[in-house]
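Summary of the model geometry
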Amino acid sequence: MINPFLFWVIAIVTVVPSFALLFARKAVHVAVAVVMVMVGLAVAYIMLAAPFLGMVQIVVYTGAVMMMFVFVLMLIGVSGKESLVETIKGQRWISLLVATGIGVFLVGVVSRVIFQVQEPTVGNPDAIAGALFGRMVVVMETLGFVLIVAAVGALVLTHVPRLVPKHTQREIAEDRVRVGANPVNKPMPGVYARHNALDVPALDPTGQPIEESISRVLEVRHQNQDEEPYRAHLEKGKPE
Amino acid sequence: MSPVAFIYLAVVLFSIGSASVLLRRNAIVAFMGVELMLNASNLAFVGFSRIHGTVDGQVLAFFVMVVAAAEVVVGLAIIVAIFRARESISLDDPSEMRG
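Residues numbered from 1 in each chain as written. Chains lettered and ligands numbered in written order. Predicted model: local features only at pLDDT ≥ 70, side-chain atom pairs only at ≥ 80, totals over all residues. Heavy atoms only, no water.

**A word on the overall build of chain A**
The test is simple: Strands here mean DSSP runs of E at least two residues long; helices mean DSSP runs of H or I at least four residues long; both are numbered from the N terminus. In this description, accessible areas are obtained by the Shrake-Rupley approach with a 1.4 Å probe, and a residue is regarded as covered only by the protein chains that are shown.
Secondary structure assignment for chain A yields 10 helices and 2 strands. For chain A, the sequential pattern of α-helices and β-strands runs α-α-α-α-α-α-α-α-β-β-α-α. Carbon and sulfur atoms provide 67% of the accessible area of chain A, an area that totals close to 16600 Å².

Shown next, in the form of structure tokens:
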């Protein structure tokens, strides 16, 4: 019937990574663990005489859904810290109690049922298509409609209306000249400096370091070089 | 070994998923908990389909997968929209919505 060894392998491969949903700190680790659970479930479907669903599970869940989760994590920042302050007092213990209660309740229901296991019908694409486009063809059509509505809904939800007209490059240049700012590009970092690395400020014609020449990103990350050594070096080399 | 064992596995996975939804405050992690619950119900569907020897459960699991895919699309779009509005995906932050 069912190979016990394979069942226990699937049980371990699905249950152990799913605990990452409760204990892992970083959302990316959770996503990778859930991918593992999905692959284990695909093997379980193939064991349960549903090879078509096993393939669909891998393609849809690990291929599309979890990758979309990872994309969104990339979009909104991986380093989102989770606050551990409880806004509802005792929420941790109440929720653990509720989840355990759900599990005990369902195990109690299932264990009271006497199952008479029949001979399996293999769920190959032929058998699934026979049911899908035969008796359940209306449900199938409705699901197509649901998918279209979901796609349009996602487009509408993530669409940001433009509040101000877009600046063209000519307008930006004219604004810069009108304000009296420096009309030319900022010097690249490393120009005329001791090194041509990105984190070394460029030097102006008088030999002074230009702080704006370093990318703002490096400054935010505190990855830029301190300019004091350069300034001191320049002072030293300057003729009296 | 009877295929009923997979029903118990589905129960365990469903409980872990629900605990995750109740515990975690990161919206994306809680959402993955919902996905785990949907997958556990799929496993139960396929297990029952195997026990009864028909493909009806598998077709239902297929429908659940399609609806879950649509739900993920809309849910992640909502999370991105909330993140754009308030720079946070903590589930505690939108509590000012209370009536």
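**Structural notes on the interface of chain B and chain A**
Our working definition: By the convention used here, residues are in contact when the closest approach between their heavy atoms is within 4.5 Å. Note: buried area is the sum, over both parts, of the accessible area (probe 1.4 Å) each one loses when the two are combined. By definition here, a salt bridge exists when the distance from a side-chain nitrogen of Lys or Arg to a carboxyl oxygen of Asp or Glu is within 4 Å. Gly is placed with the polar residues, together with every amino acid not listed as nonpolar (Ala, Val, Leu, Ile, Met, Phe, Trp, Tyr, Cys and Pro) or charged (Asp, Glu, Lys and Arg).
On the chain A side, the residues contacting the 67 residues of chain B number 85 residues. Summed over both partners, the interface of chain B with chain A buries about 7000 Å², with 78% contributed by carbon and sulfur atoms. The tally of links between chain B and chain A comes to 1 salt bridge. Between Arg135 of chain A and Asp56 of chain B there is a salt bridge; the shortest N-O distance is 2.9 Å. For the side of chain B that touches chain A, the secondary structure elements donating two or more residues are α1 (4-23), α2 (27-52) and α3 (56-86) of chain B. Counting residues per element, the side of chain B that touches chain A draws most heavily on α3 of chain B, which supplies 22 residues. Among the residues forming the side of chain B that touches chain A, the class breakdown is 47 nonpolar, 13 polar and 7 charged.

**Here we look at the packing of helix α4 (residues 51-76) of chain A against α3 of chain B**
Put simply, the rule reads: A fitted line through C-alpha atoms represents every axis, and for helices the fit uses only the stretch in contact; the resulting angles, taken between N-to-C directions, go from 0 to 180 degrees. Working rule for angles: under 35 degrees goes down as roughly parallel, over 145 as roughly antiparallel, 65 to 115 as roughly perpendicular, anything else as oblique.
Where α4 of chain A contacts α3 of chain B, the axes come no closer than 11 Å and their chain directions differ by 5°. Considering their axes alone, α4 of chain A and α3 of chain B lie roughly parallel with respect to each other. Between α4 of chain A and α3 of chain B, the contacting residues are Phe52, Leu53, Val56, Gln57, Tyr61, Val65, Met68, Phe69, Val72, Leu75 and Ile76 of chain A on the first element and Gln58, Ala61, Phe62, Met65, Ala68, Val72, Val73, Leu76, Ile79, Val80 and Phe83 of chain B on the second. Across the contact of α4 of chain A with α3 of chain B, the residue classes break down as 20 nonpolar, 2 polar and no charged.

**Quick word on the environment of Tyr45 of chain A**
On the secondary structure map, Tyr45 of chain A appears in helix α3 (residues 27-47). Between the C-alpha atoms of Tyr45 of chain A and Ile94 of chain A, which are 49 residues apart in sequence, the distance is 33 Å.

**Quick look at unusual backbone geometry**
Quick note on the threshold: Accessible area is worked out with a 1.4 Å probe on protein chains only. A residue is then buried under 20% of its type maximum, exposed over 50%, and partly exposed in between.
The backbone of Ala49 of chain A shows a phi angle near 60°, a positive value even though the residue is not glycine. Judged by its relative accessible area of 13%, Ala49 of chain A is buried.

**Some points on the confidence of the model for chain A**
Detail in the predicted coordinates should be disregarded across regions flagged by low pLDDT. Inclusion rule: Residue-level confidence of the predictor is what pLDDT reports, using numbers from 0 through 100.
Per-residue confidence for chain A gives a mean pLDDT of 84; residues scoring 70 or more make up 86%. At the low end of the mean pLDDT range in chain A sits helix α10 (residues 228-237) of chain A, at 68; at the high end sits helix α1 (residues 4-18) of chain A, at 94.

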